[in-house]
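# Tertiary structure, described
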Amino acid sequence: HCFTIQKDLNLFVLYVIRMNFPLDSVAGLPDEAKAALAATLEHMQVRDSLKMYNNLVEMCFKDCVEDMRSKNLSAKEEPCVARCAEKFMNVTGRVGMRFQEFYTTMEKEAAAAAEAAAAAAEKN
Amino acid sequence: MSTPTPEEINAENHAMAAAALTLATTELEFRVELLNKMVSSCHNKCAAKPPKEGSLSVGENSCIDRCCSKYWQVVAIVGQLLGTSK
């Protein structure tokens, strides 16, 4: 199992950063506001990475760890946890990819619709 | 009425920028939450438990793609309903 939690968390976080802001509300902001937004974004990334870490641990513990007869994870439980975490990161990656696609498509359609509405308004 | 002073214009611009920043931040939080819920829902519906392997099977991949597509449609429908029922 050659995946690292850190690398996959970064991948997940990348999908969040790459999301496009609605151009109207961000482009016109003064520089301090843009910097403040960037700082907020960074803070959110850290917070969400940690939250995801906790949720993932809880989920894999619930799914994989059964008996409390020993202090250490059994030979069955330990690989189960590794597989559980890896699977979740793979799901996250794929969903993130589709999420990006959908959002990009949706924003293109919204922009096209807005342009069409503006053109129609100008004609009248 | 007198024309607004440069200070008043400046203050108003700052207020508008602050409001736009709050709006952008709120929208960003919404998107992150949406993504998280999408991951969680599709993981529940598609990932085999307990996992036999870490990588995704072909069936799981298709399931996830369809799950995302349907989730997005639900987002659109609910959004429309909420938008028109004010």
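Before any of the text, the structure's been laid out above.
One structure accompanies this document, and this report is about it. (Residues numbered from 1 in each chain as written. Chains lettered and ligands numbered in written order. Predicted model: local features only at pLDDT ≥ 70, side-chain atom pairs only at ≥ 80, totals over all residues. Heavy atoms only, no water.)

### Structural notes on a nonpolar patch on the surface
Residue and element names in this part refer to chain A. Nonpolar side chains collect at one region of the surface, where Val46, Leu50, Tyr53 and Val57 lie side by side and expose about 390 Å² of accessible area between them. Within the secondary structure, Leu50 sits in helix α3 (residues 31-64). When its relative accessible area of 52% is taken as the criterion, Leu50 is described as exposed. (Patch = residues over 30% accessible without salt bridge, like charges linked within 9 Å, V, L, I, M, F, W, Y side chains within 5 Å. Areas by Shrake-Rupley, 256 points an atom, 1.4 Å probe, with all protein chains shown as cover. Salt bridge = Lys/Arg side-chain N within 4 Å of Asp/Glu carboxyl O. Helix = DSSP H or I, 4+ residues; strand = E, 2+ residues; numbered from the N terminus. Buried < 20%, exposed > 50% of the residue type's maximum accessible area, 1.4 Å probe, protein only.)

### As for the interface of chain B and chain A
Each partner contributes residues to the interface: chain B has 36 residues there, and chain A has 39 residues. Summed over both sides, the interface of chain B with chain A buries roughly 3,500 Å², with 73% coming from carbon and sulfur. On the surface where chain B and chain A come into contact, there are 4 salt bridges. Note that Glu60 of chain B is salt-bridged to Lys87 of chain A, the shortest N-O span being 2.9 Å. The interface formed by chain B and chain A contains 10 residue pairs in polar contact (both at pLDDT 80 or more). When residues of the side of chain B that touches chain A are traced back to their parent elements, those giving at least two are α1 (6-46) and α2 (58-84) of chain B. It is α1 of chain B that provides the largest number of residues to the side of chain B that touches chain A, a total of 20 residues. For the side of chain B that touches chain A, the per-class residue count stands at 19 nonpolar, 8 polar and 9 charged. (Contact = heavy atoms within 4.5 Å. Buried area = accessible area lost by both parts, 1.4 Å probe. Polar contact = N/O pair within 3.5 Å; in protein donor to acceptor, adjacent residues only side chain to side chain. Nonpolar A, V, L, I, M, F, W, Y, C, P; charged D, E, K, R; others polar.)

### Considering the state of the cysteines
All names here are of chain B. Scanning all chains against the criterion turns up 4 disulfides over all chains. Two residues, Cys46 and Cys63, share a disulfide whose sulfurs are 1.9 Å apart. Every disulfide takes its handedness from the sign of the S-S torsion; for Cys46 and Cys63 that torsion is -75 degrees, giving left-handed. Residue Cys46 is located in helix α1, and its partner Cys63 is located in helix α2; the two are separated by 17 residues in the primary sequence. The partly exposed category is assigned to Cys63, whose relative accessible area is 23%. (Disulfide = S-S within 2.5 Å.)

### Observations regarding unusual backbone geometry
Residues Lys49 of chain B and Pro50 of chain B are joined by a peptide bond in cis, for which omega reads -5 degrees. Among the structural elements, Pro50 of chain B can be located in the loop between α1 and α2.

### Overview of the packing of aromatic side chains
In total, this model carries 4 aromatic pairs over all chains according to the counting rule given. Judged by centre distance (5.3 Å) and plane angle (90 degrees), the ring pair of Phe99 of chain A and Trp72 of chain B falls under edge-to-face. Here the residue Phe99 of chain A occupies a position in helix α4 (residues 77-123), and Trp72 of chain B occupies one in helix α2, the pair thus bridging two chains. The exposure class of Trp72 of chain B is buried, given its relative accessible area of 10%. Ring geometry for Tyr103 of chain A against Trp72 of chain B: centres 5.5 Å apart, planes inclined by 70 degrees, an arrangement best described as edge-to-face. With Tyr103 of chain A in helix α4 and Trp72 of chain B in helix α2, this residue pair bridges two chains. Put simply, the rings of Phe99, Phe102 and Tyr103 of chain A together with Trp72 of chain B touch in pairs and so form one group of aromatic residues. (Phe/Tyr/Trp six-rings, centres within 6.5 Å; stacked < 30°, edge-to-face > 60°.)

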